[in-house]
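Here are the chains, one letter per residue:
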There are 2 protein chains.
Amino acid sequence: MEKPIGVFDSGVGGLTVAREIMRQLPNENLVYFGDTARVPYGSKSPNTVLRFSRQIVNFLQTKDVKAIVVACNTASALALPTIQKEIDIPIIGVIEAGAKTACEVTETKHIGVIGTEGTIKSRIYTKCLMELDSEITVVGKACPLFVPLVEEGLVEDRITDDIASRYLGELKDYDIDTLILGCTHYPLIRNTIARIMGEEVKLVNPAYETTKSLKTLLAERGILSKEKNREPIYEYYVSDAVERFISFADDVLPCNVNEENVQSIDIEEY
Amino acid sequence: MEKPIGVFDSGVGGLTVAREIMRQLPNENLVYFGDTARVPYGSKSPNTVLRFSRQIVNFLQTKDVKAIVVACNTASALALPTIQKEIDIPIIGVIEAGAKTACEVTETKHIGVIGTEGTIKSRIYTKCLMELDSEITVVGKACPLFVPLVEEGLVEDRITDDIASRYLGELKDYDIDTLILGCTHYPLIRNTIARIMGEEVKLVNPAYETTKSLKTLLAERGILSKEKNREPIYEYYVSDAVERFISFADDVLPCNVNEENVQSIDIEEY
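Residues numbered from 1 in each chain as written. Chains lettered and ligands numbered in written order. Predicted model: local features only at pLDDT ≥ 70, side-chain atom pairs only at ≥ 80, totals over all residues. Heavy atoms only, no water.

Caption draft 1: Region of the structure containing the packing of aromatic side chains. Residues and elements named next belong to chain A. All told, the structure shown has 16 aromatic pairs over all chains when counted by the stated rule. Plain terms: the ring middles of Tyr 41 and Phe 52 are 5.7 Å apart, the flat faces sit at 45 degrees to each other, and that makes the pair tilted. With Tyr 41 in the loop between β2 (30-34) and α2 (46-62) and Phe 52 in helix α2, this pair connects stretches of sequence that are eleven residues apart. For the residue pair Tyr 41 and Phe 52, the accessibility class agrees, reading buried in each case. Among the aromatic residues, ring-to-ring pairing joins Phe 33, Phe 59, Tyr 237 and Tyr 270 into one connected group. Across the ring face of Phe 52, the terminal group of Arg 38 is positioned such that the distance to the ring centre comes to 3.7 Å. (Phe/Tyr/Trp six-rings, centres within 6.5 Å; stacked < 30°, edge-to-face > 60°. Helix = DSSP H or I, 4+ residues; strand = E, 2+ residues; numbered from the N terminus. Buried < 20%, exposed > 50% of the residue type's maximum accessible area, 1.4 Å probe, protein only. Lys NZ or Arg CZ within 6 Å of the ring centre and 35° of its normal.)

Okay, here's the thing in C-alpha cells:
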C-alpha cells in the first residue's frame, strides 16, 4: 500500500487543505488529524502550540506517513520551524505558499493578512513577504472570533457578518489590493469576507498553493503515488468525540465521512 | 499551614467563584487551576471533559487540598458525578447551589438557564430543579459564543450585545422571571445580560450560593480554617502561558495576581 500523507489542524479548518489535496492529488492516501479536544490554538502560547504539534507529529508518524502538511497557520507559524529540524520526513506548512501567491497577485504591493492572534503576533507572513519582495507593505489583523464562529457552524450568519465588518473595517482604511486568509478556517467564511472587502480586493487561500508546493516536493523526492485510477484511502482521527467532526467534515469534503473512517484517539499519549 | 481549597475551571471563568470564596471565606488558602491550554470545555464531549477534569483533580491533590470546588458548569455537569465517587476529599460543583437559589427566588416557577452546549445538553439544571420542585418549568439555551467573547476580553462591547440579544431573544418569548447564569464566565457579562433581559428577570449567579454550600460543608466536616486575621495564601496554576491569565485575573480578583503566584504546568502529566 502507498504510504499516506499526514495532514493536521487544531480542529476542522484544515479540512479546507485536505479538500484541496484530494482535488489536486487524487491518487494519494491521506491521514487527517484534528485536535478537536484542544481547539482553538490561535489564542494559545507558542510553547503550548509547539507541544501539541509535536504530539500530533508523533502520532502521524505511527501511521507511517511519507510527508506531513501542517494545515494550520498558527502551528505553521509557531511550531513548524522547530519541528522541521526534528524529523526526517518532509513537512510543510501553509504560510510560505500563501505568501508566494499574494506576492504574485498584488499590483499595489499593499497586502493584508488576517489570522489568529498567534499567527498575526508572530509576524511570520510579514517576514515571508518582505523576503520575497522588500517593497511590499503588510498590514495584519487578528480576528480571534472567526474560529469559534466557524467551529459553531455559523458560516452564513448575520452575527458573522457583524463581527467580520468590525474586524475587516479596520483593514479597509489601508489601500490593500490583496488579502491573505491566514487561517485555514477562513475560507469557510470566504463569501462573507469577499462581500465586505469588495471585489477590488483579491483573496488568497493558501490551501491551493500549499498543495501545489506539496506536489512539487513529493515529485522531487520521488514519493508521488504511482497507483493510478484506484480509490484512495482517507482516514480521519480526532482528539474529541467523532460526531461533531463527522457532520462538519461531511459538509466540507467531497467524499463520504462517517463512523467507519473517523476515530477518536487520546493525543496526549503521544 | 492550613490546607488549601482547590478550585478549578476550564479557563478564567472560575475566577468569579474564587472571588466569592475569597470574600465569604477570607481565612482560607486557595489553589486555583485554569485549563487555559485546552479551554473551552463547553463544546467538547462528556468523555473529554471527564478526562481533563480527572487530570486536574489529580493535580490539585498533589497540592494537598482539603476540598475541591468545580468552578465550571460544564465540568460540574459532565464530570462531577463520576469523580465524586473516585476521591476521598469533599468535592462540590456549582449546579446544585445555583438550582437551589433559582428555586428560592422564582415566583412564577418559570426558570431559564443559559450555559454551554455541554451543560444545556446534559439537562442537569432541569433535573436538579425538578427534584427541588416538580411544578417548575425550565427552558435552557446554549450560548456557545459567550465564552470565546469573555476569553477575548470583550465584556463591554457592541458585538457581545448583538450576540447576547440573539441568544436571549429566544428566552424572552417564555415567561421566565429567573435566569440562571449557568456558566462561570457569564457573570463577567452580567450587565449586558441584565440589560437585555430587563429588570423583571432576576439573574442567579451560582458562585454566591456555591460558596455558602462550601462553607457549610467545611464546617460540617470540621475543616474550616481556624487561623484568623492572617493573610491567606493564594496560588494559581494554568496549563498555558501565564501572561494572559495574569492580566485577566488581576481585573477580576480583589487581590494582586502576578508572576510570583502564577505558574504554568503540564496538566497532561497528571
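Caption draft 2: Looking closely at the pattern of salt bridges. If you walk through the whole model with that rule in mind, you get 41 salt bridges over all chains. Residues A:Glu117 and A:Lys121 are paired through a salt bridge, measuring 3.2 Å at the closest nitrogen-oxygen approach. Here A:Glu117 and its partner A:Lys121 are both found in helix α6 (residues 117-122), four residues apart, which amounts to about one turn of the helix. Here B:Asp133 and B:Lys109 are joined by a salt bridge, their closest N and O atoms 2.7 Å apart. One end of the pair, B:Asp133, is in the loop between α7 (124-132) and β6 (137-142); the other, B:Lys109, is in the loop between α5 (95-105) and β5 (110-115), with 24 residues separating them in the sequence. For B:Asp133, a relative accessible area of 17% corresponds to the buried category. A residue is classified by how much of its surface remains accessible, and B:Lys109, at 27% relative accessible area, is partly exposed. Connected through shared salt-bridge partners, A:Glu2, A:Glu28 and A:Lys66 make up one network. (Salt bridge = Lys/Arg side-chain N within 4 Å of Asp/Glu carboxyl O.)

Caption draft 3: The arrangement of the side chain of B:Thr36 in detail. Locating B:Thr36 in the fold gives a position in the loop between β2 (30-34) and α2 (46-62). Of note is the side chain of B:Thr36, whose polar atom sits 2.9 Å from the backbone nitrogen of B:Asp240. What B:Thr36 contacts, discounting residues up to four positions off in sequence, is A:Lys44, B:Ser10, B:Gly11, B:Val238, B:Ser239, B:Asp240 and B:Phe245. (Polar contact = N/O pair within 3.5 Å; in protein donor to acceptor, adjacent residues only side chain to side chain. Contact = heavy atoms within 4.5 Å.)

Caption draft 4: Representation of the packing of helix α5 (residues 95-105) of chain A against helix α11 (residues 206-220) of chain A in the model. All names here are of chain A. Axis separation between α5 and α11 bottoms out at 8 Å; the angle between their running directions is 110 degrees. It follows that α5 is roughly perpendicular to α11 by the angle criterion. α11 is crossed by α5, and the crossing has right-handed handedness. Two secondary-structure elements touch here, α5 through Ala 97, Gly 98, Lys 100 and Thr 101 and α11 through Pro 206, Glu 209, Thr 210 and Ser 213. For the contact of α5 with α11, the per-class residue count stands at two nonpolar, four polar and two charged. (Axes fitted to C-alpha atoms, helices over the stretch in contact; angles between N-to-C directions. Parallel < 35°, antiparallel > 145°, perpendicular 65-115°, else oblique. Left-handed = near helix turned anticlockwise from the far one by under 90°. Nonpolar A, V, L, I, M, F, W, Y, C, P; charged D, E, K, R; others polar.)

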